[in-house]
Amino acid sequence: MGKLDGKVAFITGAARGQGRSHALRLAEEGADIIAVDLCGQLDSVEYPMATPEDLEQTVKLVEDLDRRIVAQQADVRDFDALQAALDAGVAQLGRVDIVLANAGIMPVTGAVGRERSAWIDAIDVMLTGVYYTIEVAVPTLIAQGDGGSIVITSSTAGLKAMSKTPATATPGLLGYTAAKHGVVGLMRSYANALAQYRIRANTVHPTGCNTPMVANAAFGEWIGENPDMVGNLQNLLPVEMLEAVDVSNAIAWLVSDEARYVTGVTLPVDAGFTAR
């Protein structure tokens, strides 16, 4: 018996990385999953992004846990596509209880990270996309009448500035930092607006995580070109990067009844990074 039996979780960016990890961790606790991912490439992102095959693998892994999953390709920048994906999931699974606005990009490396388009993509995916993700789900959460939980994936860059020199204050990194700060304001607004319906809203703030968004050649090259960033990315505990499941474990608690009175919180999962 899991602590999320009978629950349904709507997860964006679910094809791989943290999103897939969250889907599997919540499925282990009994949740069924509505999974969404772009499964395509953005010009501002140097590293290879998720593919349809990645999303298919998430489906297989969830089904191997004997849980149901409805997965669709959809862009979080497209409100109507997100609404259609959620509606299809609710039609098959009956409800939605948990919203994980997790989809994210790291448009900070290479020449493309210095283009204005990198700022635009960062804000569109990780701020507007978060707003859209929550907005498509809120009417159903309210109509069900039995509460719910929203968790937004922010970052330690949502609590502290990363850029310390003009060389790293690029459109991509500034956009990433602004978006990750911006979702904290969204979360606090939703926490206040939805409390009367027993719908909770929180953010999680991971430090560097061992996923394709960070553990890739382009990011490693960028760090090598900007050695001042090395000190900016060090954790207090002696660990270079988290594993995705470390974040998933925190989320599994945060969306459960064990955290039923936790709302409006910025929860660092950061090996002490923000304490430095």
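Placed above this text is the structure.
Please read all numbers here as calculations on a predicted model, not as lab measurements.

Rules used in this analysis
Residues numbered from 1 in each chain as written. Predicted model: local features only at pLDDT ≥ 70, side-chain atom pairs only at ≥ 80, totals over all residues. Heavy atoms only, no water. Helix = DSSP H or I, 4+ residues; strand = E, 2+ residues; numbered from the N terminus. Buried < 20%, exposed > 50% of the residue type's maximum accessible area, 1.4 Å probe, protein only. Contact = heavy atoms within 4.5 Å. Pairing = 2+ DSSP bridges. Axes fitted to C-alpha atoms, helices over the stretch in contact; angles between N-to-C directions. 1 Å grid on protein atoms, 1.4 Å probe; cavity = no way out; pocket = protein on both sides within 12 Å on 5 of 7 lines; lining within 4 Å. Points joined across faces, edges and corners; volume = space filled by probe spheres on them. Nonpolar A, V, L, I, M, F, W, Y, C, P; charged D, E, K, R; others polar. Right-handed = clockwise from strand over helix to strand, strands pointing away. Polar contact = N/O pair within 3.5 Å; in protein donor to acceptor, adjacent residues only side chain to side chain. Phe/Tyr/Trp six-rings, centres within 6.5 Å; stacked < 30°, edge-to-face > 60°. Salt bridge = Lys/Arg side-chain N within 4 Å of Asp/Glu carboxyl O. Parallel < 35°, antiparallel > 145°, perpendicular 65-115°, else oblique. Left-handed = near helix turned anticlockwise from the far one by under 90°.

Undergrad: Could you clarify how one ought to interpret the overall build of the chain in this entry?
TA: Check the secondary structure of the chain and you find 8 helices and 7 strands. Seen through its C-alpha atoms, the chain measures out along the principal axes to roughly 50 × 35 × 30 Å. In the chain, which comprises 276 residues, the proportion classed as buried is 54%. Within the chain, residue pairs in contact and separated by at least 24 positions form 79% of the contacts whose partners lie at least 6 positions apart.

Undergrad: So what exactly am I meant to see when it comes to the sheet that holds strand β5 (residues 148-153) here?
TA: Strand order in this open sheet of 7 strands is β3-β2-β1-β4-β5-β6-β7, and the pairing throughout is parallel. Among the strands making up the open sheet, the edge pair consists of β3 (69-73) and β7 (266-269). Strand-to-strand, the axes of this sheet are offset by a mean angle of 15°, without reference to chain direction. Relative to β3, strand β2 (residues 32-37) runs parallel, the two being bridged by 5 bridges.

Undergrad: Explain the layout of surface pockets to me, please; I cannot follow it from the model alone.
TA: Gaps left between atoms show up when a probe the size of a water molecule is rolled over them. Of the pockets and cavities examined, the second largest pocket occupies roughly 360 Å³. Along the wall of the second largest pocket there are 18 residues; nearest its centre are G147, G148, R198, R200 and R260. Only β5 and β6 (199-206) provide two or more residues apiece to the lining of the second largest pocket. Residues belonging to the lining of the second largest pocket are distributed by class as follows: 6 nonpolar, 5 polar and 7 charged.

Undergrad: Please explain the pairing of β2 as it appears in this structure.
TA: Each regular strand carries side chains that alternate between the two faces of the sheet. Counting buried residues in β2 gives 6 out of 6 residues, a clear majority hidden from the surface. The sheet contact formed by strand β1 (residues 8-12) and β2 spans 5 bridges and is parallel. By the bridge assignment for β2, F10 is matched with I34. The parallel pair β1 and β2, bridged by helix α1 (residues 17-28), forms a crossover whose chirality is right-handed.

Undergrad: Mind showing me how you'd approach the side chain of T12 here?
TA: Locating T12 in the fold gives a position in strand β1. Engagement of the side chain of T12 in a polar contact is seen with the backbone nitrogen of A103, the distance being 3.0 Å. In contact with T12, not counting residues within four places along its chain, are V36, V76, L82, L100, A101, N102, A103 and T133.

Undergrad: Teacher, can you tell me more about the packing of aromatic side chains here?
TA: The description of an aromatic ring pair rests on the distance of the ring centres and on the angle between the ring planes. Counted under the stated rule, the structure contains 2 aromatic pairs. A ring pair is formed by F79 and Y132, whose centres lie 5.4 Å apart and whose planes are at 90°; its orientation type is edge-to-face. Of the two residues, F79 is situated in helix α3 (residues 79-93) and Y132 in helix α4 (residues 116-144); the sequence distance between them amounts to 53 residues. With relative accessibility at 22%, the residue Y132 sits in the partly exposed group. Summarising the aromatic geometry, the rings of Y131 and Y132 are spaced 5.8 Å apart at their centres and angled 45° between planes, so their arrangement reads as tilted. Residue Y131 is classed as partly exposed on the basis of its relative accessible area, which comes to 37%.

Undergrad: Can you help me understand the pattern of salt bridges in this one?
TA: Pairing between side chains becomes possible if they bear opposite charge and their charged atoms approach one another. Across all of its chains, the model carries 10 salt bridges by this definition. Residue E29 pairs with R25 through a salt bridge whose shortest N-O separation is 3.0 Å. When its relative accessible area of 14% is taken as the criterion, E29 is described as buried. Among the residues examined, R25 registers a relative accessible area of 16% and is labelled buried. A salt bridge links R67 to D32, with the shortest nitrogen-to-oxygen separation between them at 3.2 Å. Highlighted residues: R67 in the loop between α2 (52-64) and β3 and D32 in strand β2, separated in sequence by 35 residues. Take R67: its relative accessible area is 27%, and that puts it in the partly exposed class. A single network of salt bridges, built from pairs that share partners, joins R25, E28 and E29.

Undergrad: Which parts of the structure should I look at to understand the packing of α4 against helix α5 (residues 171-194)?
TA: Axes are the key here: two packed helices are described by the angle between their axes and the distance separating the axes. With their axes 7 Å apart at the nearest point, α4 and α5 run at an angle of 20° to one another. Considering the angle they form, α4 stands roughly parallel to α5. In the crossing of α4 with α5, the sense of the turn from one axis to the other is right-handed. Each residue belonging to the contact of α4 with α5 can be placed in one class, and the counts come to 20 nonpolar, 3 polar and 3 charged.

Undergrad: Please clarify how unusual backbone geometry should be interpreted in this entry.
TA: Most peptide bonds are trans, and most residues other than glycine sit at a negative phi. The phi dihedral of C39 falls on the positive side, at around 55°, and the residue is not glycine. Checked against the element boundaries, C39 lands in the loop between β2 and α2. What makes C39 buried here is its relative accessible area of 10%.

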